[in-house]
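Each chain is listed here by its residues.
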Amino acid sequence: NAGVTQTPKFRVLKTGQSMTLLCAQDMNHEYMYWYRQDPGMGLRLIHYSVGEGTTAKGEVPDGYNVSRLKKQNFLLGLESAAPSQTSVYFCASAPLKTSGNTGELFFGEGSRLTVL
Amino acid sequence: AQSVTQLDSQVPVFEEAPVELRCNYSSSVSVYLFWYVQYPNQGLQLLLKYLSGSTLVKGINGFEAEFNKSQTSFHLRKPSVHISDTAEYFCAVTFRGNTGFQKLVFGTGTRLLVSP
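If you're wondering where the values come from, they're calculated on a predicted model, not measured in any experiment.

Trainee: What is the right way to read the overall build of chain A from this model?
Mentor: For chain A, the count of helices and strands is 0 helices and 11 strands. For chain A, the spread of C-alpha atoms along the three principal axes comes to 45 × 30 × 30 Å. For chain A, the proportion of its 116 residues judged to be buried stands at 50%. For chain A, the proportion of contacts with a sequence separation of at least 24, taken over those separated by at least 6, is 55%. Taken as a whole, chain A presents about 5,500 Å² of accessible surface, with 53% of it coming from carbon and sulfur. Separation of charge centres in chain A, based on 11 positive and 9 negative side chains, amounts to 5 Å.

Trainee: So what exactly am I meant to see when it comes to the state of the cysteines here?
Mentor: The bond known as a disulfide is covalent and runs between the sulfur atoms of two cysteines. A full pass over the atoms with the stated rule returns 2 disulfides over all chains. Here A:Cys23 engages in a disulfide with A:Cys91; their sulfurs sit 1.9 Å apart. Between A:Cys23 and A:Cys91, the disulfide has an S-S torsion of -75 degrees and is therefore left-handed. Pair noted here: A:Cys23 is in strand S3 (residues 19–25) and A:Cys91 is in strand S9 (residues 87–94), with a separation of 68 residues, a long-range link. Take A:Cys23: its relative accessible area is 0%, and that puts it in the buried class. Looking at A:Cys91, the relative accessible area reads 0%, which means it is buried. For B:Cys23, the disulfide goes to B:Cys91, at an S-S distance of 1.9 Å.

Trainee: Looking at this structure, how should I read the side chain of A:Gln25?
Mentor: Residues and elements named next belong to chain A. Along the chain, Gln25 turns up in strand S3. Accessibility expressed as a relative area gives 4% for Gln25, which makes it buried. A polar atom in the side chain of Gln25 sits 3.0 Å from the backbone nitrogen of Met27. A polar contact of 3.2 Å, which involves the side chain of Gln25, links it to the backbone nitrogen of Asn28. Once you skip the residues sitting within four places of it in the chain, Gln25 turns out to touch Gly3, Val4, Met32, Arg68, Lys71, Gln72 and Ser93.

Trainee: Where do I start with the sheet that holds strand S1 (residues 4–7) of chain A in this structure?
Mentor: Sheet strands associate in pairs through backbone hydrogen bonding, adopting either a parallel or an antiparallel arrangement. Residues and elements named next belong to chain A. As summarised here, the arrangement of the 4 strands in space is S1-S3-S8-S7, forming an open sheet in which the pairing is antiparallel. Across the chains shown, the open sheet's two edge strands, defined by having one partner strand only, are S1 and strand S7 (65–67). Strand-to-strand twist of the sheet, defined as the mean angle between neighbouring strand axes without regard to direction, takes the value 20 degrees. Direction of pairing for S1 relative to S3: antiparallel, over a ladder of 4 bridges. In the strand pairing of S3, Gln6 is matched with Cys23.

Trainee: Teacher, can you tell me more about the nonpolar core here?
Mentor: A general feature of soluble globular proteins is that nonpolar side chains tend to end up buried together. In this structure, B:Trp35, B:Leu76 and B:Tyr89 are the most contacted members of the largest nonpolar core, which totals 30 residues. The set of elements that each furnish at least two residues to this core consists of strand S2 (10–14), strand S3 (19–21), strand S5 (31–38), strand S6 (44–50), strand S8 (64–68), strand S9 (73–78), strand S10 (87–95) and strand S12 (110–115) of chain B. With 5 residues, S10(B) is the largest single contributor of residues to this core. Judged by nonpolar contacts, the second largest core, of 20 residues, contains A:Tyr31, A:Leu43, A:Ala94 and A:Leu105.

Calculation rules
- Residues numbered from 1 in each chain as written.
- Chains lettered and ligands numbered in written order.
- Predicted model: local features only at pLDDT ≥ 70, side-chain atom pairs only at ≥ 80, totals over all residues.
- Heavy atoms only, no water.
- Helix = DSSP H or I, 4+ residues; strand = E, 2+ residues; numbered from the N terminus.
- Buried < 20%, exposed > 50% of the residue type's maximum accessible area, 1.4 Å probe, protein only.
- Contact = heavy atoms within 4.5 Å.
- Areas by Shrake-Rupley, 256 points an atom, 1.4 Å probe, with all protein chains shown as cover.
- Lys, Arg positive; Asp, Glu negative; His and termini not counted.
- Charge placed at Lys NZ, Arg CZ, Asp CG, Glu CD.
- Disulfide = S-S within 2.5 Å.
- Polar contact = N/O pair within 3.5 Å; in protein donor to acceptor, adjacent residues only side chain to side chain.
- Pairing = 2+ DSSP bridges.
- Axes fitted to C-alpha atoms, helices over the stretch in contact; angles between N-to-C directions.
- Core = buried A, V, L, I, M, F, W, Y, C linked by side-chain atoms within 4.5 Å.

See the structure below:
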């Protein structure tokens, strides 16, 4: 019963380095999301995808890129990491509206990223 | 703009005391409402949800919430808290009416601190 799996769970980067966070879901969900969580700011949407091959910007997309080459995977990339990107990143997924999607999201356990 | 407000960033309470975590949202359209809980160093898990029907919704771990349409509120309550309820609680709302993508909007969270 994997659900939504994020890798890696922890990572430390130096300013300017690049990295990719991987999110995998085994629930055949169409929608996938990347959020960042910062103290006092709740969860903010970075990018999302409504299906394989499609992506869209959320509230705070700058400095991040995403790809959804396979339905079950949603990758979040940082091309040139900055200290302001130190955060906890959460991936989530949801089924199609026609499949009963009410907006409820299914979350991974998070990836803690520190940029020095 | 559609928004979710959790006025209390932190709520300290003694064990076995009752607690209420407040959530208000701004909307003139129908909504789906959720409370998520995040235990330390974990992802978010669904506590309860309101989709339609009875305005009093019961969730896991003895929590309940009441949807009040006229006050646009969805406050979370528990009659007697335990130490293990110490966590961060997020209110979230899907603003129904979209024909396609359903976006979940989160509040900034309330940290519940239960002490002996």
